[in-house]
Amino acid sequence: MPMNSPKSLPLQSSSSPDSTLRITEIFHSIQGESTFAGEPCVFVRLTGCPLRCTWCDTAYAFHGGTDMSLATVLDQVKSYGCRLVEVTGGEPLSQAAAFPLIAGLCDEGLEVLIETSGAMDISTVDPRAKIILDIKCPGSDMEDRTRWDNLQHITQKDQIKFVISDRRDYDWAVDVVHRHHLADRCPVLFSPVFGGQELRPMAEWILQDRLPVRFQVQLHKFIWNPETRGV
Ligand SMILES: C[S@@+](CC[C@H](N)C(=O)[O-])C[C@H]1O[C@@H](n2cnc3c(N)ncnc32)[C@H](O)[C@@H]1O
Ligand SMILES: Nc1nc2[nH]cc(C(=O)O)c2c(=O)[nH]1
Ligand code: SF4
Ligand SMILES: [Mg+2]
């Protein structure tokens, strides 16, 4: 594999001091994903990701961004007066300062969600935060990046998610759910890749298979134009 291919991008950025975050955007919106869908939520989108999912809707967060201190990010989040906050990206856990950010948000008494690709070690994430662990299916072309040992740190408060392109991804995800008894451990989300397929077939596969998972669409893309940033 060539050194500059996406699969060899560095997992951890080491250029910033521990309390500086590289931020793409901070915004207040309706949570569009997870079991929290529909609730007002503040989003902190960290810049940079070592993965390149084929269907990623947030490639604008791969580069750029603004350096912000931890204190400034906490102040901005608090300014919305919203009890729910999600740390996302890019891949949020690829920045060392994400870990003190998550702890700081928990210290503020906020309900903290972390949206992560499963490619980073989650063992040192503040246990008060709720992790939404995305297990990458073959259609993402990133399934070999999953750190399977992350599953041992998942508890009832967390969620496991599969973003599914087609029937092959669906069958692959069903096999993972069964093999790891995921539905006994926490909510499991099956989310179709946005825009690429009819919704009804996957809903019907889930019903036919009596699968105890939550079928979910990205709600915000039905509220706002799907190309809009910061919603
Ligand atoms: C942009 S990612 C950022 C967090 C982290 N990098 C991850 O992949 O979980 C946020 C969520 O959006 C999902 N997502 C990205 N593009 C999507 C698309 N085209 N359709 C459906 N979900 C998508 C990802 O799978 C992930 O669950
Ligand atoms: N409204 C809204 N809800 C979301 N839930 C997860 C998101 C993400 O990009 O991680 C997201 C997002 O980008 N917008
Ligand atoms: S891991 Fe998340 S941010 Fe990175 S490419 Fe995949 S969906 Fe996009
Ligand atoms: Mg998004």
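Thresholds applied
- Residues numbered from 1 in each chain as written.
- Chains lettered and ligands numbered in written order.
- Predicted model: local features only at pLDDT ≥ 70, side-chain atom pairs only at ≥ 80, totals over all residues.
- Heavy atoms only, no water.
- Salt bridge = Lys/Arg side-chain N within 4 Å of Asp/Glu carboxyl O.
- Helix = DSSP H or I, 4+ residues; strand = E, 2+ residues; numbered from the N terminus.
- Buried < 20%, exposed > 50% of the residue type's maximum accessible area, 1.4 Å probe, protein only.
- Near = heavy atom within 4 Å.
- Polar contact = N/O pair within 3.5 Å; in protein donor to acceptor, adjacent residues only side chain to side chain.
- Areas by Shrake-Rupley, 256 points an atom, 1.4 Å probe, with all protein chains shown as cover.
- Nonpolar A, V, L, I, M, F, W, Y, C, P; charged D, E, K, R; others polar.

A. The arrangement of the pattern of salt bridges in detail. Tallying each qualifying case throughout the model produces 17 salt bridges. A salt bridge links Arg 45 to Glu 25, with the nearest nitrogen and oxygen atoms 2.6 Å apart. Here the residue Arg 45 occupies a position in strand 2 (residues 40-46), and Glu 25 occupies one in strand 1 (residues 20-30), the gap between them amounting to 20 residues. Both residues of the pair, Arg 45 and Glu 25, belong to the buried class. Of the charged contacts in the structure, one is a salt bridge between Asp 75 and Lys 78, with a shortest N-O distance of 3.9 Å. Here Lys 78 and Asp 75 lie together in helix 1 (residues 70-79), a separation of three residues that amounts to about one turn. For Lys 78, a relative accessible area of 41% gives the class partly exposed. Here the salt bridges do not stand alone but share partners, grouping Glu 39, Arg 83, Glu 111 and Lys 130 into one network.

B. View of the site of ligand 1. Lining the immediate surroundings of ligand 1 are 20 residues, of which Trp 55, Gly 90, Asp 134, Lys 136 and Phe 194 lie closest. One of the backbone nitrogen or oxygen atoms of Thr 116 is found 3.3 Å away from an oxygen atom of ligand 1. Contacts to ligand 1 include Gln 218, whose side-chain N or O atom sits 3.3 Å from a nitrogen atom. Across the complex, the protein chains shield 94% of the 540 Å² of accessible surface that ligand 1 would expose by itself. Going through the elements one at a time, strand 5 (111-116) and strand 7 (159-164) are the ones with two or more residues in the shell around ligand 1. Here the residues of the shell around ligand 1 sort into six nonpolar, seven polar and seven charged.

C. Structural context of unusual backbone geometry. Cis geometry marks the peptide bond from Gly 89 to Gly 90; its omega dihedral reads 25 degrees. Relative to the elements of secondary structure, Gly 90 occurs in the loop between strand 4 (84-88) and helix 2 (98-107). Positive phi values are uncommon outside glycine, yet Asp 141 reaches one of about 70 degrees. Of note, Asp 141 is situated in the loop between strand 6 (130-134) and strand 7. Within the chain, Arg 210 stands out as a residue other than glycine whose phi angle is a positive 50 degrees. By secondary structure assignment, the location of Arg 210 is in the loop between helix 4 (200-208) and strand 9 (214-215).

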